[in-house]
Structure formats: C-alpha cells, structure tokens
Amino acid sequence: RKEVEQDPGPFNVPEGATVAFNCTYSNSASQSFFWYRQDCRKEPKLLMSVYSSGNEDGRFTAQLNRASQYISLLIRDSKLSDSATYLCVVTGNTGGFKTIFGAGTRLFVKA
Amino acid sequence: DVKVTQSSRYLVKRTGEKVFLECVQDMDHENMFWYRQDPGLGLRLIYFSYDVKMKEKGDIPEGYSVSREKKERFSLILESASTNQTSMYLCASTSQPMNTEAFFGQGTRLTVV
C-alpha cells in the first residue's frame, strides 16, 4: 500500500464548478499535511497547509481528518487557471523526517 | 527570493555512464531531498538528508547514491545509468522543523540512451 494515495483523475469540470479531491495516508504518526500545485512542465509549489480545524483560502478549502487519516481539498467556482495537477503531501518524523507526495490528481477546467 | 537551483534542465547520457545531478539552495535549509517523477507514479523519494554528511534512503534508492558535503549542496549520483532511470528529477529543501514548505528546483529531465 502506498503511503499517500490520491484520486488519480483526471477531473474534467466546467468553469464555475465545485470540485473535491481526496487523499488518504497510511502512517498515523504523520505530523504535517499540505496541498501542492504543479503546472505542466513546472516544479510543485505550495498551495496551502492543512490543519485539523480546516482552513480556507479564497475559493480553496482544505480539511484534515486524523481519525480517518484523510485529507481533502475543495475548489469552488473553478477557473480556467485552476487547471493543474494537485499533490497531497504528508510529512513526519517517521524514519527520518520524510516528506511524501501523492501521485497527484490532474484537473482540467474547461470554458 | 528563495532559490533551489539544479545544475541542468536537460541531460542525455549513455547506458553505463556515471551521472551527477547537482542541487544548491540558498535558504540555509537543513533538509534536502531528491525525487523522481514519472507519469502515473507521482514524486517518489530517492534519498534525503537532514544535515551535512547525513543521508537517509527514501523509497527507491537502488541504483542511486548521494553526497552532502556542504549544507547548501546535495548531489545525486547514478553510479551506472540505465534506461529505466530516464525520468524527471526534482530536488527540494525544507527548514527545520519538517512541517514547513518544501521549495523545489526547476527539475532535470534525464534521458538515458
């Protein structure tokens, strides 16, 4: 079983749609959680951190459920510019401070 | 502006060659990582380092080694390149503690022929 698993996608949605991505992680000792965005032929960049209380940044909402070892990202009112790959990231002091990435979920937003 | 710099954007090497991929960060970060990224598999951790001269194996270390002689530089070495090591290689760094943003280099597209 992979340490971090994501919906493989791709997700094809029209502009204005709401889309949700899910991610599960296997190590209950994981400490920190993030969503990264990767544009085509570019390096990943931090989108937002994920906290137990949930957090929101404009159209983006991230949730963490430690009991179920589950992370989600909700994008409201999708824009064409949201088209990218979204990577779930988990870090923790397990076997030496590893930062583990999910395989990513590809999103296409169409006009 | 924070920066992680990888020495090459594109490399073409022959099977059996020894290949060096260099990564330098200017943020005084303690932790540095090497990943490879392949379609459908995402980023897979090869090796990481949390201090000078320290290294830890990631999930796919076979066929690779690393060197961290200085805090700012983390090198990935392919001892004898093989065609299945054709991939995009990404270097990243983070500060302590680990729950901070990872900054990536622009990536090196390595083709082994």
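Shown above is the structure to which this text applies.
What comes next concerns the included structure. Given the structure is predicted, the values throughout are model-derived calculations rather than measurements.

## Some remarks on the overall build of chain A
Part 1 of the argument: Along chain A, the regular secondary structure elements total zero helices and eleven strands.
Part 2 of the argument: In sequence order, the secondary structure elements of chain A are arranged as β-β-β-β-β-β-β-β-β-β-β.
Part 3 of the argument: What you see for chain A is a C-alpha radius of gyration of 14 Å, in line with the 13 Å of a compact globule of 111 residues.
Part 4 of the argument: If you line up chain A on its principal axes, its C-alpha atoms span 45 × 30 × 20 Å.
Part 5 of the argument: Across the 111 residues of chain A, 47% fall into the buried class.
Part 6 of the argument: Once local pairs closer than 6 in sequence are excluded, the contacts in chain A between residues at least 24 apart make up 57%.
Part 7 of the argument: Accessible area of chain A: about 5300 Å², with a carbon and sulfur share of 48%.
Part 8 of the argument: Of the charged side chains in chain A, 13 are positive and 10 negative, and the gap between their average positions amounts to 4 Å.

## Looking at the state of the cysteines
Part 1 of the argument: All chains considered together, the criterion is met by two disulfides over all chains.
Part 2 of the argument: The residue that forms a disulfide with C23(A) is C88(A), at a sulfur-sulfur distance of 1.9 Å. What sets the handedness of the C23(A) and C88(A) disulfide is the S-S torsion sign, and at about -75° it is left-handed. In this pair, C23(A) sits in strand β3 (residues 19–25) while C88(A) sits in strand β9 (residues 84–92), placing the two residues 65 residues apart along the sequence.
Part 3 of the argument: Across the disulfide, C23(B) is cross-linked to C91(B) (sulfur-sulfur distance 1.9 Å). Disulfide C23(B)-C91(B): the torsion about the S-S bond is -75°, which places it as left-handed. A residue pair is termed long-range when its members are at least 10 positions apart, and C23(B) in strand β3 (residues 19–25) and C91(B) in strand β9 (residues 87–94) qualify at 68 residues. With respect to burial, C23(B) and C91(B) carry one shared label: buried.

## Describing the packing of aromatic side chains
Part 1 of the argument: Under the counting rule described, the total for this entry stands at twelve aromatic pairs over all chains.
Part 2 of the argument: Ring plane angle 45° and centroid distance 4.9 Å describe the contact between Y25(A) and F33(A), whose orientation is recorded as tilted.
Part 3 of the argument: Owing to a relative accessible area of 2%, Y25(A) belongs among the buried residues under this scheme.
Part 4 of the argument: Residue classification places F33(A) among the buried residues on the basis of a relative accessible area of 2%.
Part 5 of the argument: Summarising the aromatic geometry, the rings of F101(A) and Y35(B) are spaced 5.1 Å apart at their centres and angled 80° between planes, so their arrangement reads as edge-to-face. With F101(A) in strand β10 (residues 98–101) and Y35(B) in strand β4 (residues 31–38), this residue pair bridges two chains.
Part 6 of the argument: Counting every residue linked through ring pairs, the aromatic cluster contains F34(A), Y36(A), F101(A), F33(B), Y35(B), F48(B) and F104(B).

Cut-offs applied
Residues numbered from 1 in each chain as written. Chains lettered and ligands numbered in written order. Predicted model: local features only at pLDDT ≥ 70, side-chain atom pairs only at ≥ 80, totals over all residues. Heavy atoms only, no water. Helix = DSSP H or I, 4+ residues; strand = E, 2+ residues; numbered from the N terminus. Rg over C-alpha atoms; globule rule 2.2 N^0.38 Å. Buried < 20%, exposed > 50% of the residue type's maximum accessible area, 1.4 Å probe, protein only. Contact = heavy atoms within 4.5 Å. Areas by Shrake-Rupley, 256 points an atom, 1.4 Å probe, with all protein chains shown as cover. Lys, Arg positive; Asp, Glu negative; His and termini not counted. Charge placed at Lys NZ, Arg CZ, Asp CG, Glu CD. Disulfide = S-S within 2.5 Å. Phe/Tyr/Trp six-rings, centres within 6.5 Å; stacked < 30°, edge-to-face > 60°.

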